[in-house]
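Understanding the architecture of this molecule
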Amino acid sequence: MGKTIAIVNQKGGVGKTTTCVNLAAALTALGARVLVCDFDPQGNATSGFGLDKTRSPNIYDVILGYADMEKAICQTKWADVVPANKALSGATVELIVLERREFRLKDALDKVKSRYDYIFIDCPPSLELLTLDSLCAADTLLVPVQCEYYALEGLSDLLYTVRLAKRSLNPSLELEGVVLTMYDGRTNLSMQVAEEVKRHFPGKVFSTVVPRNVRLSEAPSHGLPVSAYDPLSRGAEAYGNLAKEFMERNKLAGVR
């Protein structure tokens, strides 16, 4: 049985989708079977793998019961992907009247979970019903944290929501870890933020940090993970190392 990881942080621009796309691609390169579920109405993970956002069926069709998960999965060189687009933004209202509204994503992913080692959910940058569905579907949470002044702002809100979800809906939910993104070792600020995050999450911060790297920013416009766009870039190297560390942690935990 695979492991489902929600990549979550309600603060925008911290590298959630970048981490989702590039970590998934790096894990696939290491031999893992990976599914990415784009659960953000912006659909950036979808386009990051070079897929058409208008493709149907997508995750919106699946959670509303209009299509089977099997038919929504797209195969790419770097991972299997369930696409999303702006139609998903209306799902929050439509889900309210449905049974098991908090578990629609979990029920869909459970049907294909045995086929994969890891399933990554790219969550929207907000704390709403879609994010709650992601928390209910996930075994663990991976939290990207930007190495800037406001890095820890809002994390308390996220952790409060996680505690509520764990208490009432998903008691087995755990923190996979925290990934430091947009790190610039030349600045005192990046180092100070890194130390502060490690103090808040002892033993949960990945030793691999993701640097600021222009290739990471350019790759999505070409519909490619950075490992395919520029395999020799610092960004590609960082996500390759993060994938190795991620697999090693899970191997030690007996997951794979």
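Scroll up a little and you will see the structure.
Residues numbered from 1 in each chain as written. Predicted model: local features only at pLDDT ≥ 70, side-chain atom pairs only at ≥ 80, totals over all residues. Heavy atoms only, no water.

1. As for the overall build of the protein chain
What counts, and what does not: Here a strand is any run of E in DSSP of at least two residues, a helix any run of H or I of at least four, and the numbering for each starts at the N terminus. Throughout, radius of gyration means the C-alpha value; the globule benchmark is 2.2 Å times the number of residues raised to the power 0.38. Categorising residues by exposure relies on relative accessible area from a 1.4 Å probe, with only protein chains included: less than 20% of the type maximum marks a residue as buried, more than 50% marks it as exposed, and the intermediate range marks it as partly exposed. Should any heavy atoms of two residues lie within 4.5 Å, those residues are considered in contact.
Secondary structure assignment for the protein chain yields 12 helices and seven strands. Its C-alpha atoms give the protein chain a radius of gyration of 17 Å, within 12% of the compact-globule value 18 Å for 256 residues. Principal-axis analysis of the C-alpha atoms places the extent of the protein chain at approximately 50 × 40 × 35 Å. Within the protein chain, the proportion of its 256 residues that are buried is 55%. A separation threshold of at least 6 residues defines the contact pool for the protein chain, and within that pool the share at least 24 residues apart is 78%.

2. Focus: the pattern of salt bridges
Note the following rule: For this document, the term salt bridge refers to a Lys or Arg side-chain nitrogen within 4 Å of an Asp or Glu carboxyl oxygen.
Counted according to the given criterion, the structure contains 14 salt bridges. When the shortest N-O distance is used, the salt bridge between Glu-102 and Arg-101 registers 3.5 Å. Judged by its relative accessible area of 31%, Arg-101 is partly exposed. Between Asp-184 and Arg-186 there is a salt bridge, with the nearest N and O atoms lying 2.9 Å from each other. Asp-184 sits in the buried class, given a relative accessible area of 16%.

3. So, the pairing of strand β6 (residues 140–146)
Going by this rule: One requirement defines pairing of two strands: DSSP has to find at least two bridges between them. Handedness is read with the strands pointing away from the viewer; a crossover is right-handed when the path from the first strand over the helix to the second is clockwise.
Of all seven residues in β6, seven are buried, a share of seventy percent or more. The side-chain alternation of β6 yields two buried faces, one formed by Thr-140, Leu-142, Pro-144 and Gln-146 and the other by Leu-141, Val-143 and Val-145. Where strand β1 (residues 3–7) meets β6, three bridges bridge the pair, whose relative direction is parallel. In the sheet register, Ala-6 faces β6, and the bridge partner there is Leu-141. Of the strand pairs in this sheet, β6 and strand β7 (residues 174–181) are connected by seven bridges, and their pairing is parallel. Bridging across to β7, Leu-141 finds its partner in Leu-175. With respect to chirality, the unit in which β6 leads through helix α8 (residues 155–168) into the neighbouring parallel β7 is right-handed.

4. With respect to α8
Stated formally: An expected span of 1.5 Å times one less than the residue number is assigned to each helix. In this description, the arc belongs to the directions extending from the helix axis to the C-beta atoms.
Over its 14 residues, α8 runs 20 Å from end to end, which matches the ideal 20 Å to within 8%, given 1.5 Å per residue. By the burial criterion, the buried members of α8 are Leu-155, Leu-158, Thr-161, Val-162 and Ala-165. Looking straight down α8, one finds its buried side chains confined to an arc of 125 degrees; they lie on one side. Those residues of α8 that are exposed and aimed more than 90 degrees away from the buried face are Ser-156, Arg-167 and Ser-168. Looking at the buried positions of α8, the neighbouring elements they touch are α7 (129–137) and β6.

5. Focus on the nonpolar core
As a reminder of what qualifies: Residues grouped as a nonpolar core are buried Ala, Val, Leu, Ile, Met, Phe, Trp, Tyr and Cys residues, joined through side-chain atoms within 4.5 Å.
Ranked by internal contacts, the top residues of the largest apolar core, which has 49 residues, are Phe-39, Ile-59, Ile-63, Met-69, Leu-88, Leu-105 and Leu-109. If we ignore the near neighbours within four places in the chain, the residues touching Leu-109 are Thr-4, Leu-35, Cys-37, Met-69, Ile-119, Ile-121 and Ala-137. Listed in part, the 34 residues of the second largest apolar core include Leu-23, Ala-26, Ala-236 and Ala-243.

6. Points about unusual backbone geometry
Note that the residue after Ser-56, namely Pro-57, is joined by a cis bond; omega there is 0 degrees. The phi dihedral of Arg-100 falls on the positive side, at around 50 degrees, and the residue is not glycine. Here Arg-100 shows up in the loop between α5 (91–95) and α6 (104–110). Phi is positive for Met-182, close to 55 degrees, though the residue is something other than glycine. Considering the arrangement of structural elements, one finds Met-182 in the loop between β7 and α9 (188–200).

7. Structural notes on the packing of aromatic side chains
Heads up, the condition is: A pair of aromatic rings is counted whenever rings of Phe, Tyr or Trp (Trp by its six-membered ring) have centres within 6.5 Å, and the orientation is called stacked for planes under 30 degrees apart, edge-to-face for over 60 and tilted otherwise. For a ring to carry a charge above it, either NZ of a lysine or CZ of an arginine must fall within 6 Å of the ring centroid while also lying within 35 degrees of the normal to the ring plane.
Tallied over the full model, the rule gives three aromatic pairs. Plain terms: the ring middles of Tyr-118 and Phe-246 are 5.1 Å apart, the flat faces sit at 75 degrees to each other, and that makes the pair edge-to-face. Here the residue Tyr-118 occupies a position in strand β5 (residues 118–122), and Phe-246 occupies one in helix α12 (residues 234–252), the gap between them amounting to 128 residues. For Tyr-118, a relative accessible area of 0% puts it in the buried group. Relative accessible area serves as the criterion here: at 0%, Phe-246 is assigned to the buried category. Feature note: the residues Tyr-118, Phe-120 and Phe-246 constitute an aromatic cluster, connected by ring pairs. Residue placement shows Arg-249 over the ring face of Phe-206; its charged tip is 3.9 Å from the ring centre.

8. Things to note about the environment of Val-226
Turning to its location among the elements, Val-226 is positioned in helix α11 (residues 226–229). When the C-alpha positions of Val-226 and Val-178 are compared, they lie 21 Å apart, and in sequence the two are 48 residues distant. Beyond its immediate chain neighbours, meaning those up to four positions away, Val-226 contacts Asn-22, Arg-215, Leu-216, Ala-219, Pro-231, Ser-233, Gly-235 and Ala-236.

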